Amino acid sequence: MAARTPAPTPAPAGPGRQPGLRERKKQQTRDALVQAAHGLFLGQGFARTTVDEIASAVEVSQRTFFRYFANKDEVALAVMADAEDYFIECLRRRPAEESPLQALRAAIVQSWRELGAEHRSGPGSITTALELMRMIEETPTLLAAHLRRVTEQERVVVRVIAEREGLDPSTDLRPTVLAAVFGSVLRAAHLSWTPEQEPAGPEGMVAVIERHFDQLGPALAGHWRTVTPR
């Protein structure tokens, strides 16, 4: 069956938002599809899992699946995509007096903590997100799709930072450079997280992110080699 164009799906609610009954039901169906898909992907592999199996696990039709997701790639990337969208929301709300790097760092910590508190298990949880990150890195088609989305998110970050600072990013390269550096540090932090070494829950991931950003200044401007006095 050809994939249908998915209908708009609810964005991650975020703390404090009270969705209506219809929206809650749609979100429950979407979450069930995401959870079923991720269980199948992690259990038997992304390539071996079909849309039919995902839909059957939730007892919905293939047609219903395509109302929410265009294909398997989209459902596999759903948790990360929702988290990225919520991060952008947090960034837009950061106080104007924060520097660009302070706003980015605070927004990513805020989004991990708030989404982690709201989704302690199942779709959106810390464990699910990081298990999926490993699967994405090991699956070429998913990694390509994820990197395309990351590139688009960097463009959004550039626009948000430029607007905050009253800059034209076509002539001032600082927002572009900062967005690229921020994205690379964040990806390194995500890939370095291990459940054996870090505290459980969102604070474990936040600790890893904070450690990586603490090293950003020394890595860019510090002297790396120890100079032995003569």
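Residues numbered from 1 in each chain as written. Predicted model: local features only at pLDDT ≥ 70, side-chain atom pairs only at ≥ 80, totals over all residues. Heavy atoms only, no water.

1. What about the overall build of the protein?
Scanning the protein for helices and strands turns up 11 helices and zero strands. Ordered by position in the sequence, the α and β elements of the protein form the string α-α-α-α-α-α-α-α-α-α-α. Out of the 230 residues belonging to the protein, those deemed buried represent 40%. If you sum the accessible surface of the protein, you get close to 13000 Å²; carbon and sulfur atoms cover 53% of it. (Helix = DSSP H or I, 4+ residues; strand = E, 2+ residues; numbered from the N terminus. Buried < 20%, exposed > 50% of the residue type's maximum accessible area, 1.4 Å probe, protein only. Areas by Shrake-Rupley, 256 points an atom, 1.4 Å probe, with all protein chains shown as cover.)

2. Some details on helix H1 (residues 21-44)
Along its 24 residues, H1 runs 34 Å from first to last C-alpha, staying within 8% of the 34 Å computed at 1.5 Å per residue. Of all the positions in H1, only Gln-27, Arg-30, Leu-33, Val-34, Ala-36, Ala-37, His-38, Leu-40 and Phe-41 are classed as buried. (Expected span 1.5 Å × (residues − 1).)

3. What about the packing of helix H9 (residues 174-192) against helix H10 (residues 202-214)?
Relative to each other, H9 and H10 sit at 135°, their axes nearing to 9 Å. What the angle tells us is that H9 and H10 run oblique. When the axes of H9 and H10 are compared, the crossing they make is right-handed. Where H9 abuts H10, its residues Phe-182, Val-185, Leu-186, Ala-188, Ala-189, His-190 and Ser-192 lie against Met-205, Val-208, Ile-209, His-212 and Phe-213. Within the contact of H9 with H10, the residues separate by chemical class into nine nonpolar, three polar and no charged. (Axes fitted to C-alpha atoms, helices over the stretch in contact; angles between N-to-C directions. Parallel < 35°, antiparallel > 145°, perpendicular 65-115°, else oblique. Left-handed = near helix turned anticlockwise from the far one by under 90°. Contact = heavy atoms within 4.5 Å. Nonpolar A, V, L, I, M, F, W, Y, C, P; charged D, E, K, R; others polar.)

4. Looking at the confidence of the model for the protein
Mean pLDDT over the protein: 85, with 83% of residues reaching 70 or higher. Within the protein, helix H2 (residues 51-58) carries the highest mean pLDDT (96), whereas helix H7 (residues 126-138) carries the lowest (79). Contacts of residues 1-11 to residues separated by more than four positions or lying in other chains number 23 contacts, the stretch itself having pLDDT below 50. (pLDDT = per-residue confidence, 0-100.)

5. Overview of the nonpolar core
Counting residues in hydrophobic clusters, the biggest one holds 59 residues, and the most contacted among them are Phe-87 and Leu-91. Contact partners of Leu-91, with chain neighbours within four places excluded, come to Ala-103, Leu-104, Ala-107, Val-157, Val-160, Ile-161 and Arg-164. (Core = buried A, V, L, I, M, F, W, Y, C linked by side-chain atoms within 4.5 Å.)

6. Notes on the pattern of salt bridges
Enumeration over the complete set of coordinates arrives at 11 salt bridges. Among the ionic pairs, Arg-174 bridges to Asp-172, the shortest N-O distance being 2.7 Å. For Asp-172, a relative accessible area of 16% corresponds to the buried category. Among the charged side chains, a network of salt bridges with common partners joins Glu-84, Asp-85 and Arg-149. (Salt bridge = Lys/Arg side-chain N within 4 Å of Asp/Glu carboxyl O.)

7. Comments concerning the side chain of Thr-49
The topology assignment puts Thr-49 in the loop between H1 and H2. The exposure class assigned to Thr-49 is buried, which follows from its relative accessible area of 1%. Side-chain polar atoms of Thr-49 contact the backbone oxygen of Gly-45, separated by 2.8 Å. (Polar contact = N/O pair within 3.5 Å; in protein donor to acceptor, adjacent residues only side chain to side chain.)

8. Details of H10
The terminal C-alpha atoms of H10 lie 18 Å apart, and with 13 residues this matches the ideal 18 Å at 1.5 Å per residue to within 8%. Turning to H10, its buried residues number three or more, namely Pro-202, Gly-204, Met-205, Val-206, Val-208, Ile-209 and Phe-213.

9. Focus: the packing of helix H5 (residues 78-92) against helix H8 (residues 140-165)
Their axes nearest at 11 Å, the elements H5 and H8 cross at an angle of 5°. By the angle between their directions, the pair H5 and H8 is classed as roughly parallel. Facing Ala-81, Glu-84, Asp-85, Phe-87, Ile-88, Leu-91 and Arg-92 of H5, the residues of H8 in contact are His-146, Arg-149, Val-150, Gln-153, Val-156, Val-157, Val-160, Ile-161, Glu-163 and Arg-164. Among the residues forming the contact of H5 with H8, the class breakdown is nine nonpolar, two polar and six charged.

10. Re the environment of Leu-186
Along the chain, the position of Leu-186 falls in helix H9. The class for Leu-186 is buried, based on a relative accessible area of 11%. As a C-alpha pair, Leu-186 and Ile-209 span 23 residues in sequence and 6.7 Å in three-dimensional space. With residues up to four places along the chain from it excluded, the contact list for Leu-186 reads Ile-108, Ile-209 and Phe-213.

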